[in-house]
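Structure assessment
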Amino acid sequence: MKAERVKAENVKAVIQKYGVLIVLILLLLINACVTPNFVHINTIWNLLRQAFPTIIISMGMTLVIATGGIDISVGSTMALSSIIFARLLIDMEMGFGVSMLGALGASCVFGLFNGALVGILDFQPIVATLILMIAGRGIAQQFNNGAVLSFYGNAFTDLGTYRIGGVVPIQVLLIFIVVAIMSFLARKTTFGLYVQAIGDNGTASRLVGLKTTVVLIETYTLCALLAGGAAVLETLRLCAADPNNIGSGIELDCVAAVAIGGTSMSGGKAVIWGTLIGAIVMQLITTMMNMNNIYYAYALVIKAFIIIAALYLQRKKD
């Protein structure tokens, strides 16, 4: 019995460590067999390009969750950044650099607000970010009276679909750059260590002199900044800023990607590369449904079951 128990614990440990990778491989194999034209390089490029916003925002969400928090306002942050970027670029003709800085600056304001509520006023993270999840999209809609701002047929039309060497989408390069930076930040810097220390034991971190308030504000601001950057690229890809729909529901996929990627939902541990694979899994499920003409609601059910399995494996025994 003891040997069987040890074997079961070893199997569970392997699943906990490599489960999301196993799910990804299984999904790829299933799609290779049943999805028409799936085994093609353009399918992979399109998959990564569509997963780009989820991947980028999930990187910031990983650190937020590692502190023991959560940010459900990232979709609204995308909406705000998108419409500000488009208004500055198209309506006001401020230039690409200024427009991007304006969008990123606006996203940072949202992040600072969230961080201040959590770090200074000690609000529960889900309540603090719920405020901007609700109000943030309304603020974004006011910038263009809720109307979609399109900019097809001008000098910026091709930026979002640009391919390096005519082959690799710009989003793929940016994914690897951002993931590499965030991995370094989480594993090799004092900031990353502080983030995980706060999630592991916030009270102890304060008692030893760690400036938890500053770290929390920085973490939420970084998450919002990444949401703003994702919004800029997504706006360029779509050649439109839709404050009503862009980023809608993306916070759910981001949280799911972090959860199944191995980052503890109770905080104290950040698994950047696991989050990357988790985000790809979320998009792959959607792509599989679309390419096989299956009702999208089934994708939501599948994602829910994967999240349940991930949280079940994360649970701690008393």
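One can find the structure itself at the top, above this paragraph.
None of these values were measured; they are calculated from a predicted model. (Residues numbered from 1 in each chain as written. Predicted model: local features only at pLDDT ≥ 70, side-chain atom pairs only at ≥ 80, totals over all residues. Heavy atoms only, no water.)

Overview of the pattern of salt bridges
For the structure shown, the criterion picks out three salt bridges. Asp91 is paired through a salt bridge with Arg87; the nearest N and O atoms lie 2.7 Å apart. One end of the pair, Asp91, and the other, Arg87, are both in helix α3 (residues 74–91), four residues apart, so they sit about a helical turn from each other. Assessed through its relative accessible area of 42%, Asp91 is described here as partly exposed. Between Glu234 and Arg237 there is a salt bridge, with the nearest N and O atoms lying 2.8 Å from each other. Residue Glu234 and its partner Arg237 are both found in helix α9 (residues 212–238); the two are separated by three residues, about one turn of the helix. (Salt bridge = Lys/Arg side-chain N within 4 Å of Asp/Glu carboxyl O. Helix = DSSP H or I, 4+ residues; strand = E, 2+ residues; numbered from the N terminus. Buried < 20%, exposed > 50% of the residue type's maximum accessible area, 1.4 Å probe, protein only.)

Some points on the side chain of Thr263
Relative to the elements of secondary structure, Thr263 occurs in the loop between α10 (250–260) and α11 (272–291). Residue classification places Thr263 among the buried positions, given a relative accessible area of 0%.

Some remarks on a nonpolar patch on the surface
Judged by side-chain polarity, Tyr18, Leu21, Ile22, Ile25, Leu26, Leu29, Ile30 and Val34 come together as a nonpolar surface patch covering roughly 710 Å² of accessible area. Judged by relative accessible area, Leu29 falls into the exposed class, the value being 51%. (Patch = residues over 30% accessible without salt bridge, like charges linked within 9 Å, V, L, I, M, F, W, Y side chains within 5 Å. Areas by Shrake-Rupley, 256 points an atom, 1.4 Å probe, with all protein chains shown as cover.)

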